[in-house]
Amino acid sequence: MSDRSAQAARPEGIDASAARSKGSADGNAIVGRRISQEALNRLNELHQRYLKGTPNGWCAVMKECDLTGLDCRNLNFSHGHFIGCDFSGSNLEDAYFMGSNLFGANFDGCNMTRTNFSRADLRGANFADAEMTGAQLDGADLRRGAVIKRGATAASGRENSTFRGAKMHGTNMSECKLLDADFEGATISGASLQGADLRGASFAGAELTGVELMGANLSDADFRRAVMDDATASRGDLMRATRPRPAPSPERMAKILASHLEWIQTGQQRGERADFARMDLSRSDFSRAVLAGAHFREAILADANFEKAVLAAADFSDAILFRANLKGADLRGADLRGADLKDATQDNAKKGELDGTSLSTRL
C-alpha cells in the first residue's frame with residue numbers, strides 16, 4: 001500500500017475531528033485526545049492492515065494523546081507514530097513498537113515485559129518505575145529530546161530519557177543511543193548494554209548485576225553511587241567513567257579503624273577521623289566497630305555488616321545501604337538523609353537524640 005492510500009483511509013469508529021489535525025503532514029493524525037480501549041483496539045486493527053498492505057489500512061499517527069492505563073498486550077504498532085503520547089500505567093506486555101516514532105513518550109509505571117522497541121525513536125522517553133523484564137530496545141535512539149506542547153513556545157520538563165527505578169531483568173539495550181540517560185535507582189540484571197553509547201549517563205543508586213557492557217562507550221558515565229558486581233565491572237571499559245573511590249586494603253582498613261578509635265578516645269587530639277566518603281565498601285564487615293562521627297557520605301555500603309557497631313553522629317547522607325545489616329547499631333545523632341536503606345535490617349538499632357549533644361538521628 002502506498003503512503004497516500006494509507007493517509008486517505010479514515011479510521012472507522014474514530015471521531016473525524018479527532019482523526020484530523022490542521023497543518024499535519026498526515027491529514028489523519030490524532031492530536032491531543034483521550035484514547036479509549038475500544039478506539040485503541042480499532043486503531044490496531046487498521047494499523048495491521050497498513051502493515052500488511054491490505055485495503056483500508058491506516059498508519060497510526062498520534063500526538064500528545066492520553067493512552068494511560070490501557071491494555072496494549074500483544075498489540076502491534078510497529079512503524080507507528082506516538083509523539084509525546086502518555087502511556088503511563090498501561091500494560092504493554094508482548095506489544096510491538098519496532099521502528100516506531102515514540103519521541104517524548106511517557107511509559108512511567110508501565111508493564112513492558114517483553115515489549116519490542118527495536119530501532120524505535122525513543123528520544124526523551126520516560127520509563128520511570130517501569131517493569132522491563134525481557135524488553136527489546138536494541139538499536140533504539142534514547143538521546144535527549146522534548147516535545148513542545150501545543151500553545152507553548154519552548155519545551156518543558158525532562159529532556160533526557162529516564163529509567164529511574166525501572167526493573168530491567170534481561171533487557172536488551174545493545175547498540176542503543178543513551179547519551180545522558182538517567183538510570184537512577186534502576187535494578188539492572190542479566191541485561192545487555194553491549195555497544196551502547198552511555199556517555200554522560202547517570203547510574204546513581206542503580207544496581208547492576210551480570211550486565212554486559214562490552215564495547216559500550218562509558219566516557220563520563222557516572223557510577224559513583226552505583227552498586228556493581230565484579231562480573232559487570234569486568235565486562236566494560238570503565239577507565240573514562242566516573243567511579244567511586246576503591247576500598248582500602250585490609251591492612252590499610254585496620255590502620256584507619258585504629259586511628260579513628262584513637263581520635264575518639266583522645267577527644268580528637270590524636271589519631272584521625274575515618275573518611276569513607278564516596279568509597280565503594282560493598283560487603284565490608286564493620287560489625288562492633290567504633291565509628292562514631294565517621295564520614296560515609298555518598299559511600300556504597302551494599303551488603304555491609306554494621307551489626308552492633310557504634311555509629312553515633314556518623315554521616316551517612318546519600319549513602320547506598322542496600323541490604324546492610326544494622327542490627328543493634330547505635331545510630332543516635334547519625335545523618336541518614338538521602339540514604340537508600342532498601343532491604344536494610346535495622347532490628348534493635350538505636351536512634352534518636354545523642355546524649356550531651358544537640359544531635360538527633362536525621363532521616
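Everything numeric here is computed off the predicted structure, so don't read it as measured data.

Calculation rules
- Residues numbered from 1 in each chain as written.
- Predicted model: local features only at pLDDT ≥ 70, side-chain atom pairs only at ≥ 80, totals over all residues.
- Heavy atoms only, no water.
- Helix = DSSP H or I, 4+ residues; strand = E, 2+ residues; numbered from the N terminus.
- Buried < 20%, exposed > 50% of the residue type's maximum accessible area, 1.4 Å probe, protein only.
- Expected span 1.5 Å × (residues − 1).
- Contact = heavy atoms within 4.5 Å.
- Core = buried A, V, L, I, M, F, W, Y, C linked by side-chain atoms within 4.5 Å.
- Pairing = 2+ DSSP bridges.
- Phe/Tyr/Trp six-rings, centres within 6.5 Å; stacked < 30°, edge-to-face > 60°.

(A) Local environment of the environment of Asn41. Turning to its location among the elements, Asn41 is positioned in helix α2 (residues 37-52). Residue classification places Asn41 among the partly exposed positions, given a relative accessible area of 33%. For the pair Asn41 and Leu75, spaced 34 residues apart in sequence, the C-alpha to C-alpha distance is 8.2 Å.

(B) The arrangement of α2 in detail. With 16 residues, α2 ought to run about 22 Å at 1.5 Å a step, and its terminal C-alpha atoms sit 23 Å apart, in line with that. Within α2, burial applies to Ala39, Leu40, Arg42, Leu43, Asn44, Leu46, His47 and Gln48. In this fold, the buried residues of α2 make contact with β1 (30-31) and β2 (61-63). Downstream of α2 by one or two residues, Gly53 has phi in the positive range, about 75°.

(C) Region of interest: unusual backbone geometry. Of note, Arg323 is a non-glycine position whose phi angle comes to about 60°, a positive value. With respect to the element layout, Arg323 can be found in the segment after α4 (250-265). Look at Asn348: it is not a glycine, yet its phi comes out positive at around 60°. Here Asn348 lies in the segment after α4.

(D) Local environment of the nonpolar core. Of all hydrophobic cores here, the largest spans 65 residues; its most connected members are Phe107, Leu122, Phe127, Leu137, Leu178, Phe183 and Leu198. Per element, the largest residue contribution to this core is four residues, and it comes from α2. Setting aside anything within four residues of it in sequence, one finds Leu137 in contact with Phe117, Ser118, Leu122, Phe127, Met132, Leu142, Thr171, Asn172, Met173 and Cys176. By size, the runner-up hydrophobic cluster in this structure holds 29 residues, among which are Leu281, Phe306, Ala324 and Leu331.

(E) View of the sheet that holds β2. Overall, parallel pairing links the three strands, which are arranged β1-β2-β3 in an open sheet. Every other strand in the sheet has two partners, leaving β1 and β3 (81-83) as the edge strands with one partner each. Here β2 runs beside β3; their pairing, made up of three bridges, is parallel. Along β3, the bridge assignment pairs Lys63 with Ile83.

(F) Inspection of the packing of aromatic side chains at higher detail. What the rule picks out here adds up to 21 aromatic pairs. When the ring of Phe97 is compared with that of Phe117, the centres are 5.4 Å apart and the planes differ by 15°; the resulting orientation is stacked. Note that Phe97 is positioned in the loop between β3 and β4 (167-169) and Phe117 in the loop between β3 and β4, a separation of 20 residues in sequence. Judged by relative accessible area, which is 0%, Phe117 ranks as buried. Pairing Phe306 with Phe316 gives two aromatic rings, centres 5.7 Å apart and planes at 90°, and the pair type is edge-to-face. Of this pair, Phe306 sits in the segment after α4 while Phe316 sits in the segment after α4, placing them 10 residues apart in sequence. Taken as a pair, Phe306 and Phe316 share a single burial class, namely buried. Clustering of aromatic rings is evident, with ring pairs tying together Phe77, Phe82, Phe87, Phe97, Phe107, Phe117, Phe127, Phe163, Phe183, Phe203 and Phe223.

Shape descriptors only; they carry no functional weight alone.
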